[in-house]
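Breakdown of the fold
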Amino acid sequence: MAKFDIIAATGCPTGIAHTFMAKEALEKAAAERGLTIKVETHGQVGVENELTKSEIAGAKAVVVAADKDVQAERFAGKPMVSVGVSKALSVEAAGKLIDRALAAKGDSTVAAAADVEDEVEEKESIGHIIYKHLMNGVSHMLVFVVAGGVLTAVSFLWGITSFDSTASDYNSFAAMLKIIGGIAMNLMVPVLSAYIAESIGKRPALVPGFVAGMIAIQGLPVNAETGMIDAGGVGVGFGFLGGIVGGFLAGYVILLLEKVFAGLPKNLDGLKAIFLYPLFSTAIVGLVMLGISGPMAAINTAMMDFLKGLSASGAVVLGLAIGCMCAFDMGGPVNKAAYVTGTAMLTEALAAGVGTDTYNFGTNFMAAVSAACIVPPLITTFAVVVGKKYFSQEDHDAGVVNLILGCTHITEGAIPFMTKNIWPVMPIMMLGSSIASILTIMFNVHDPAPHGGFLVLPVVENGPLWVLAILIGAVVGGILFVAFKKYDFEKNQKAAPAAKPVEAPKAAAVEAPKAEAADFVKVENVFVAEDFASRDEALSFVSNQAVKAGIASDADAVLNAFLAREAEGTTGMMEGFAIPHAKSDAITEAAVIVVKDESGVTGWDTMDGAPVNVAIALLIPGAQAGTTHLKILSKVAEALMDEDFRATVKGSTDAVKIAKTINARLV
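Residues numbered from 1 in each chain as written. Predicted model: local features only at pLDDT ≥ 70, side-chain atom pairs only at ≥ 80, totals over all residues. Heavy atoms only, no water.

**Considerations on the overall build of the protein chain**
A tally of helices and strands in the protein chain yields 26 helices and 10 strands. Evaluated residue by residue, the protein chain yields a buried proportion of 50% over its 667 residues. (Helix = DSSP H or I, 4+ residues; strand = E, 2+ residues; numbered from the N terminus. Buried < 20%, exposed > 50% of the residue type's maximum accessible area, 1.4 Å probe, protein only.)

**Here we look at the pairing of strand E9 (residues 591–601)**
Burial analysis of E9 places nine of its 11 residues in the buried class, the great majority of the element. As paired strands, strand E6 (residues 526–527) and E9 are joined by two bridges and run parallel to one another. The residue of E9 that forms the bridge with Val526 is Val594. The pairing of E9 with strand E10 (residues 612–621) spans seven bridges and is classified as antiparallel. The partner of Val592 across the bridge, within E10, is Leu618. (Pairing = 2+ DSSP bridges.)

**A word on the packing of helix H12 (residues 293–312) against helix H13 (residues 315–328)**
Close contact between H12 and H13 brings their axes to 5 Å; oriented N to C, the two are set at 125°. Between H12 and H13, the interaxial angle falls into the category oblique. Contacts between H12 and H13 involve Leu307, Leu310 and Ser311 from the former and Ala315, Val317 and Leu318 from the latter. Across the contact of H12 with H13, the residue classes tally to five nonpolar, one polar and no charged. (Axes fitted to C-alpha atoms, helices over the stretch in contact; angles between N-to-C directions. Parallel < 35°, antiparallel > 145°, perpendicular 65-115°, else oblique. Contact = heavy atoms within 4.5 Å. Nonpolar A, V, L, I, M, F, W, Y, C, P; charged D, E, K, R; others polar.)

**Observations concerning a nonpolar patch on the surface**
A surface patch of nonpolar side chains, amounting to about 750 Å² of accessible area, comprises Leu264, Leu268, Leu271, Ile274, Phe275, Leu279, Phe280, Ile284 and Val288. Tracing the backbone shows Ile274 in helix H11 (residues 269–291). (Patch = residues over 30% accessible without salt bridge, like charges linked within 9 Å, V, L, I, M, F, W, Y side chains within 5 Å. Areas by Shrake-Rupley, 256 points an atom, 1.4 Å probe, with all protein chains shown as cover. Salt bridge = Lys/Arg side-chain N within 4 Å of Asp/Glu carboxyl O.)

**A look at the packing of aromatic side chains**
Applying the stated criterion across every chain, the model contains 13 aromatic pairs. Taken together, the aromatic side chains of Phe261, Tyr277 and Phe280 make up a single cluster linked through ring pairs. We note Lys178 situated over the ring of Phe163; from NZ or CZ to the ring centre the distance is 4.7 Å. (Phe/Tyr/Trp six-rings, centres within 6.5 Å; stacked < 30°, edge-to-face > 60°. Lys NZ or Arg CZ within 6 Å of the ring centre and 35° of its normal.)

**Points about the environment of Asp69**
When you line up the elements, Asp69 lands in the loop between strand E4 (61–66) and strand E5 (80–83). Distance in space between the C-alpha atoms of Asp69 and Thr10 is 9.7 Å, their sequence separation being 59 residues. A polar contact is formed between the side chain of Asp69 and the side chain of Lys202, at a distance of 3.2 Å. (Polar contact = N/O pair within 3.5 Å; in protein donor to acceptor, adjacent residues only side chain to side chain.)

**So, the nonpolar core**
In this structure, Ile98, Trp466, Phe481, Val521, Val594, Ile616 and Ile662 are the most contacted members of the largest nonpolar core, which totals 86 residues. Broken down by element, this core gets its largest block of residues, eight residues, from helix H15 (residues 357–386). Not counting residues up to four positions away in its chain, the partners in contact with Phe481 are Ile379, Thr380, Ala383, Phe391, Phe417, Val425 and Ile428. Formed by 58 residues, the second largest nonpolar core is a distinct cluster that contains Met185, Phe248, Tyr277 and Ala297. (Core = buried A, V, L, I, M, F, W, Y, C linked by side-chain atoms within 4.5 Å.)

**Regarding helix H16 (residues 393–407)**
Here H16 is 15 residues long and its end C-alpha atoms lie 22 Å apart, about the 21 Å a rise of 1.5 Å per residue gives. At its buried positions, H16 is contacted by H15 and helix H17 (415–420). Here H16 starts with a cap whose side-chain oxygen sits 3.1 Å from the backbone nitrogen of Asp395, and that cap is Ser392. (Expected span 1.5 Å × (residues − 1).)

**Some details on the side chain of Thr152**
Structurally, the position occupied by Thr152 is in helix H6 (residues 126–155). For Thr152, the residues in contact, after removing those within four places along its chain, are Lys178, Gly181, Gly182 and Leu350.

**Quick notes on the packing of helix H22 (residues 535–548) against helix H23 (residues 555–568)**
Here H22 crosses H23 at 140°, and the two axes come no closer than 8 Å. Looking at the two axes, H22 sits oblique to H23. Crossing of H22 over H23 shows right-handed handedness. From H22, Arg535, Asp536, Leu539, Ser540, Val542, Ser543, Asn544 and Val547 reach across to H23, where they touch Ala555, Val558, Leu559, Phe562, Leu563 and Glu566. Grouping the amino acids of the contact of H22 with H23 by side-chain chemistry returns eight nonpolar, three polar and three charged. (Left-handed = near helix turned anticlockwise from the far one by under 90°.)

**What to know about the pattern of salt bridges**
All chains considered together, the criterion is met by 15 salt bridges. For Lys486, the salt bridge goes to Glu490, with nearest N and O atoms at 2.8 Å. One end of the pair, Lys486, and the other, Glu490, are both in helix H19 (residues 463–498), four residues apart, so they sit about a helical turn from each other. Since its relative accessible area comes to 35%, Lys486 is described here as partly exposed. Counted as one network, the salt bridges with shared partners bring together Asp69, Glu73 and Lys202.

In C-alpha cells form, the structure reads like this:
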C-alpha cells in the first residue's frame, strides 16, 4: 500500500468546480515541496479517490479544504488544518496550508514561526463551522432542485397548462413530467434540513432532520372551523428558512441526546441508535418546529416581501443587488446565498402555478440570478480573445475554456483571473453581472429552470432577450478587463528599462545562457566525501568553496544569505536531500555546488526527520533573485520527485556522474 506525506479532502457545496480546483492546487503545491499527496474529492458525483484507513494512518499531516462535511473525524489525532475550500484555490495558498499542516506536528519552533493570521485560522471559526453544515445541506439539496426544476420546465414545452387534464393543451406525458418534477422540488426543504442535521449529528440526525423539513413545508395544521390544532387541518409552511432552522435544531438535539444517554451500558448502543435517538429526537424537534411555525411563517413572508419590495424599487436596485452578490466571490458564500435564494423563490413560483404573480416574480428572479452567474466566465473569454497579447498563454487557454463553463452556469472558472488582481477585476465582474441582471429583469425574462445555463434556453420565456442581456454584460465587462490589462501591460513595459541601468552589465554577463548550459554544475564543484558536524558547518564550507571557485567575493555574506533563508523555513527535504539557496550581491555568478556526507548532517530540519546526505546548494546573484533563482529551484525540486534521480545522486561517489545527472535536469 502506497504511503503519502500529505492527505487531503476537498469539497464545495455544488461539487462542480471549487472541489477540483482545490485538489489541483494542493497537488501542485505538494509537488513543489517534493512531497507525495493524495486528495480525496467530495464532488457532486460522490466521493472520489477515497482515502483508506492505512493511508490516513501513514500520512504525516492532513489538509481539509471543504465547505461541507467530509467526515473529518476520520483524521482525529493527525496533524491537521481545516479551512474553507476557497482558501486552497491557488498553488500559493495551498502551499501555505501544507506548510501549516506539517508545522502542526507539535514542533514549537516551527509553529512559532507561523504568521499570526495563520494561527488564527488554524482553529476553525464558528462562522465556518455553521457555513460548512449549511452548505452540506445545500449541496445535497441542489440536485433535487435542478432535476425537479428542469423537468417541470420541460413539461411547459407542450403548453403552459399542458399538465391540466381539463385544459385544451393537455398532454399526458407533460403531466407526468410535471408530477415528477414537482415531487423532486418538494423534497428540496426536507433534504436541506436532513443533511444540515447529518453534518452535525451524523446518521442519527437524518430522521429528525427529514421530519423537521417536512414540518417546514406544511406548517402547523389548524382546523378552519374550530381554529384548533388538527391533523386533518391546513397549515402555513415556512419553507427554506424553516428547513435551515430545523436542520440545525435536529443536529444539535442529537448531540444533546448523545450526552444524555452517554451513561447507558455499552451493550445498549444498538438500542440507542435504532430506538432512543430517533424516538426522542423526532418528538423534541417535531414539537419545537410546530411551536415556532407561526413566527417562522411570518419571517418567511417578510423576507419574500422584502425581495419583492426591491423589485418594486425598480429593476436597477434588484438587479444590482443580485449581480454584485453573484460576482462577489464566484461560487463562494455570498454567491451561494443569492443562488439559493433564487431556487427558494423558484420553488414557490412553480408551486403557485403559471400565470400567478408569485410565478412571474420567482422565475424572473431566477433568470436574473442565472444571468449574473453566467457573465464572469464569459468576460474572461471575451478579454483573452480581444486582448490576447496582454494575457499569458495559460490565461488565454483558461479563458477559452471558460466559454463552455459560462454557458453551462459554472461561475468558478473566472476565479483565477480575479485572484491575480482582485482590484479592479472584482468590480469589473460585479458590474458585468449587474448589467446582465438588470437587463434580464427589464426584458421580463422568465426562467423556470434553476441551472444549466444556455442548455435550458428552450424553456426560458424571452430567451433571445436573456442571451442579449448576458452578452451585453459580458462585452462591457470584457472591454473594461482588456483596458485594465492593457494599462498594466504598458506600465510594466515602461518600468522594465528603468530597472536595468545599475545591474544590467552584470546581469547580462550571467543571464540565461549559463543557467541553461549543459555544464552548469561543474565537476570541480561537486564534493562527494565530506564530513560535517552541523548544517552551519556544511553551509560555511559551500560559501568558502564559492569564493575559491570565483563564484562569490565574500564567504561571510554568502553564509549569512544561506542562514537567512534557513530562518525563513528549512530547506531540508526528504530522504536525505536538502536544497539550500543563497541570494546575494556578493555572488557574481549563478552556480550550483553539491556536497555529500555519507554519515549524514544532523541538526538540519527535514520533512521526514532524516539527516541530510546530499545538499544541492544554489548560489544566485542578487540581480537574478526572481528569475534564474526560481527557475533552477523549481527544476531541482522537480528532479527530487524522481526516484531514479534521487537514487543516482545519493548512491554515487563519482563527481562526474553526479554533475552530469543534475545538469541533465537543469537544461
